[in-house]
Amino acid sequence: MNSSDDTDLSNFDESDLSNFGDFPRGIEDLEIVAHGGGFTIAASFGHPDRVHRELQAVAIAHQLGLSSIDYTRKTYVDSNGEVVRESDPRRENAITITKQAKELVRDAITSARAVRDKPDHPGLFAAGAALLRLPITFRLATLSIRQGFHYENALLCRMILEQLAWIVTVRPYTDVGIFNYQPQQCIGALKQWFPSAGRLYGDLSKASHIVPKSTLRYIKFQGSGDPDITLVSREYAQEDALALLILADMYAVVSELVFAEILPSLVHVQRLTSGLLEPIQARPGQALIAEWQKRLS
């Protein structure tokens, strides 16, 4: 739409959407520290032990009806020795990888939204609107990964992939033809830009559908007792985070494919002498993916 149209992406109020609801921290960036008396206290991942002790004291004081946080900390927290906090390198890696994925997505949509006077083009508008909506889905996927919700994350990541496929499909349309496509039918179009998209879509579909072959991943048999049903599966967090980083890289590329004609500069795609576009092999997302693949292997 043109710049005078209230539905143009460039006319959204920056105060409403510039941080997508997660500035300076979103719920996906918070770790539960303590429960007390009907309420929960959380702090950002990586907070110092000193803060951890103080927040634990707040929860205990609230639960016991004590007025002095300092007294509570000394009596009930510090007296128990050093704070022992769960340390899991796999989860820590997942937190770092998902943070990088969110930053990659944020940088890409910020560049796209900075372009003013976008053409009056239905396909461009529809693609841009979907791009603007996807950072929220990336946030939800980040939350599910960090909390160990393996199967639920697969659903979210598959939805992201389908949306990216739909975006590259409808972008060229100048009429209502954009309504003829369903996201799950557009994976082939995405494979033209990312040959591995089909395999990734298959993996996500398998993980998101709990079928007999995959049930052993969440049912644990111990001895002759009843089996345990695993609700949280943090052992897959690193791999899930890497898949999200791959999707974030795709998002950055697709954002430039959509707005390539009007962006002042390109970072993730390049224009060939033939005039066609292609992803840059040495783009930022690929460097991050290669680094983590090497570290996790």
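Preceding this paragraph is the structure being described.
Let me begin by describing the structure that accompanies this report. (Residues numbered from 1 in each chain as written. Predicted model: local features only at pLDDT ≥ 70, side-chain atom pairs only at ≥ 80, totals over all residues. Heavy atoms only, no water.)

1. Examining the overall build of the chain
Phase 1 of the analysis: Secondary structure summary: the chain contains 10 helices and six strands in total.
Phase 2 of the analysis: The burial tally for the chain puts 45% of its 297 residues in the buried class.
Phase 3 of the analysis: Taking as baseline every contact in the chain between residues at least 6 positions apart, the subset at least 24 positions apart corresponds to 64%.
Phase 4 of the analysis: A total of about 15800 Å² of accessible surface is found on the chain, and carbon and sulfur atoms cover 54% of it. (Helix = DSSP H or I, 4+ residues; strand = E, 2+ residues; numbered from the N terminus. Buried < 20%, exposed > 50% of the residue type's maximum accessible area, 1.4 Å probe, protein only. Contact = heavy atoms within 4.5 Å. Areas by Shrake-Rupley, 256 points an atom, 1.4 Å probe, with all protein chains shown as cover.)

2. Things to note about the packing of aromatic side chains
Phase 1 of the analysis: One pass over the structure, following the stated rule, counts two aromatic pairs.
Phase 2 of the analysis: Ring geometry for Phe-138 versus Tyr-251: centroids 5.7 Å apart, planes at 80°, classification edge-to-face. Of this pair, Phe-138 sits in helix 5 (residues 122-146) while Tyr-251 sits in helix 9 (residues 237-259), and the two are 113 residues apart along the sequence.
Phase 3 of the analysis: Both rings, one in Tyr-173 and one in Tyr-181, keep their centres 5.6 Å apart while their planes meet at 55°; by these two values the pair is tilted.
Phase 4 of the analysis: Accessibility expressed as a relative area gives 29% for Tyr-181, which makes it partly exposed. (Phe/Tyr/Trp six-rings, centres within 6.5 Å; stacked < 30°, edge-to-face > 60°.)

3. Section: helix 2 (residues 49-64)
Phase 1 of the analysis: For helix 2, built from 16 residues, the straight-helix expectation of 22 Å at 1.5 Å per residue is met to within 8% by its first-to-last C-alpha distance of 22 Å.
Phase 2 of the analysis: Along helix 2, the residues classified as buried are His-52, Leu-55, Ala-57, Ala-59 and Ala-61.
Phase 3 of the analysis: Contacts made by the buried residues of helix 2 are with strand 1 (30-36), strand 2 (39-44) and helix 3 (69-77). (Expected span 1.5 Å × (residues − 1).)

4. Things to note about the packing of helix 5 against helix 9
Phase 1 of the analysis: Contact pair helix 5 / helix 9: the axes reach a minimum separation of 11 Å and the direction vectors enclose 165°. Considering their axes alone, helix 5 and helix 9 lie roughly antiparallel with respect to each other. Here the hand of the crossing between helix 5 and helix 9 comes out left-handed. Mapping the contact onto sequence places Leu-124, Ala-127, Gly-128, Leu-131, Leu-132, Leu-134, Pro-135, Phe-138, Ala-141, Thr-142 and Ile-145 in helix 5 and Ala-237, Asp-240, Ala-241, Leu-244, Leu-247, Ala-248, Tyr-251, Val-254, Ser-255, Val-258 and Phe-259 in helix 9.
Phase 2 of the analysis: Looking at the contact of helix 5 with helix 9, its residues break down into 18 nonpolar, three polar and one charged. (Axes fitted to C-alpha atoms, helices over the stretch in contact; angles between N-to-C directions. Parallel < 35°, antiparallel > 145°, perpendicular 65-115°, else oblique. Left-handed = near helix turned anticlockwise from the far one by under 90°. Nonpolar A, V, L, I, M, F, W, Y, C, P; charged D, E, K, R; others polar.)

The values are spatial; any link to function lies outside them.
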